[in-house]
2 protein chains.
Amino acid sequence: MTSPVVSSRDLPHPAREEIRLESVLHALSDPMRLRIVRELAAVGDELSCSRFDLPVTKSTTTHHFRVLREAGVIRQIYRGTAKMNGLRRDDLDGLFPGLLDALLDAAARQAARVGV
Amino acid sequence: MTSPVVSSRDLPHPAREEIRLESVLHALSDPMRLRIVRELAAVGDELSCSRFDLPVTKSTTTHHFRVLREAGVIRQIYRGTAKMNGLRRDDLDGLFPGLLDALLDAAARQAARVGV
DNA sequence: CGACTCGTACGATAGGCATCGTAGTACGGG
DNA sequence: CCCGTACTACGATGCCTATCGTACGAGTCG
């Protein structure tokens, strides 16, 4: 059978059962990463890394996306030269029902309170 | 009027409006501190530090309680030689409705899944 | 007072991590 | 085939932090 590889480069993701709450919380405890996740949730679709306008260098951006991926918060796949990022909403909702929405709501409330 | 000081030693707590989501998530991203908060929520009352049987020294325990207090997750007051710890549920619920319950539920689910 | 318990303070240590810069790899288009 | 774009890898740096041990302070009880 022909190989089902979509892209030649694959990225390691934790399986749903391997996702740890502590790692998710740690990933979201960084302002830059929380911002990324909020933006992903707002768009509701996959976004390439370059679509984010973060006040850090590309190296640092790569680092943050890797932390989010290894924590199981986002899924990353290569599509051409772009690296698409999507929230693992189904996995997170399956493991921790209501948590992601509560977190996003909390972040939105704080943003509204403190000022974007 | 006579001074309303209950105990001679007072501890610094962030006001409700000063509590930051990132700090709360960071505080709860440590297994030891998540365990403390889960126990506090389960009991539903104040507990002295010594009521917790944690696999770390007393110095480290003190450190974890301080992180939780400075993040605004718990409130600590001295009562005699004991230092009582209580969840700041009203403040957290006021700032981030549903978040604490979602977090506690998520922690309980993971504990049930992985094994206490 | 004196002993004991509870918790703190301080220093040390080892590891983690957010950030950067530079050099490099993968892919797509002319 | 060469170039540009997108992202990575690696090393450095400075800061934060989880942990410990020891020495100390504050209360309580005999």
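Residues numbered from 1 in each chain as written. Chains lettered and ligands numbered in written order. Predicted model: local features only at pLDDT ≥ 70, side-chain atom pairs only at ≥ 80, totals over all residues. Heavy atoms only, no water.

Undergrad: Give a description of the interface of chain B and chain A that names residues and reports values.
TA: Contacts between the two partners involve 25 residues from chain B, matched on the other side by 25 residues from chain A. By the criterion of area lost to chain A, the three top residues of chain B are B:E22, B:L25 and B:Q110, representing 24% of everything that side buries. Counting across the chain B and chain A interface gives zero salt bridges. Here chain B and chain A share six residue pairs in polar contact (both at pLDDT 80 or more) between them. (Contact = heavy atoms within 4.5 Å. Buried area = accessible area lost by both parts, 1.4 Å probe. Salt bridge = Lys/Arg side-chain N within 4 Å of Asp/Glu carboxyl O. Polar contact = N/O pair within 3.5 Å; in protein donor to acceptor, adjacent residues only side chain to side chain.)

Undergrad: Please give an account of the nonpolar core that cites residues and values.
TA: Counting residues in hydrophobic clusters, the biggest one holds 62 residues, and the most contacted among them are A:L28, A:V73, B:L28 and B:V73. If sequence neighbours within four positions are ignored, B:V73 has contacts with B:V24, B:A27, B:L28, B:V37, B:L68, B:G86, B:L87, B:R88 and B:L92. (Core = buried A, V, L, I, M, F, W, Y, C linked by side-chain atoms within 4.5 Å. Buried < 20%, exposed > 50% of the residue type's maximum accessible area, 1.4 Å probe, protein only.)

Undergrad: How would you summarise the UniProt feature "domain: HTH arsR-type" (unreviewed entry) in chain A if you had to cite specific residues and measurements?
TA: Residues annotated in UniProt with the feature "domain: HTH arsR-type" (unreviewed entry) correspond here to residues 13-107 of chain A. End C-alpha atoms of residues 13-107 of chain A are separated by 25 Å, and the span's content is 54% helix alongside 15% strand. (UniProt positions renumbered as here; feature names shortened; annotations may be inferred. Helix = DSSP H or I, 4+ residues; strand = E, 2+ residues; numbered from the N terminus.)

Undergrad: I'd like to hear about the pairing of strand β2 (residues 74-79) of chain A, residue by residue, with values.
TA: Residues and elements named next belong to chain A. Burial along β2 is one-sided: the face carrying I74, Q76 and Y78 is buried and the face carrying R75, I77 and R79 is not. Inspection of the sheet shows β2 paired to strand β3 (residues 82-87) by six bridges, in the antiparallel sense. Bridge pairing in β3 places I74 opposite L87. Count of turn residues in the β2/β3 antiparallel hairpin: two residues, of which G80 carries a positive phi of about 70°. (Pairing = 2+ DSSP bridges.)

Undergrad: With reference to specific residues and values, describe the packing of helix α2 (residues 31-43) of chain A against helix α3 (residues 58-71) of chain A.
TA: All names here are of chain A. With their axes 10 Å apart at the nearest point, α2 and α3 run at an angle of 70° to one another. Relative to α3, the element α2 is oriented roughly perpendicular. In this structure, α2 uses M32, R33, I36 and V37 to contact α3, whose residues at the interface are H63, H64, F65, V67 and L68. A breakdown of the residues in the contact of α2 with α3 according to their chemical character gives six nonpolar, two polar and one charged. (Axes fitted to C-alpha atoms, helices over the stretch in contact; angles between N-to-C directions. Parallel < 35°, antiparallel > 145°, perpendicular 65-115°, else oblique. Nonpolar A, V, L, I, M, F, W, Y, C, P; charged D, E, K, R; others polar.)

Undergrad: Let's hear about the environment of B:C49: which residues, and what values?
TA: Residue and element names in this part refer to chain B. Turning to its location among the elements, C49 is positioned in the loop between β1 (47-48) and α3 (58-71). Put simply, C49 and L99 are 50 residues apart on the chain and 25 Å apart in space, counted from C-alpha to C-alpha. With sequence-adjacent residues up to four places away left out, C49 is seen in contact with F65, Q76, K83 and N85.

Undergrad: Tell me about helix α1 (residues 21-28) of chain B, and please be specific about residues and values.
TA: Given 3.6 residues per helical turn, the α-helix brings residues three or four places apart onto the same face. For α1(B), a buried count of six out of eight residues is recorded, marking the element as mostly surrounded by other parts of the structure. Of the positions making up α1(B), those classed as buried are B:L21, B:E22, B:V24, B:L25, B:A27 and B:L28.

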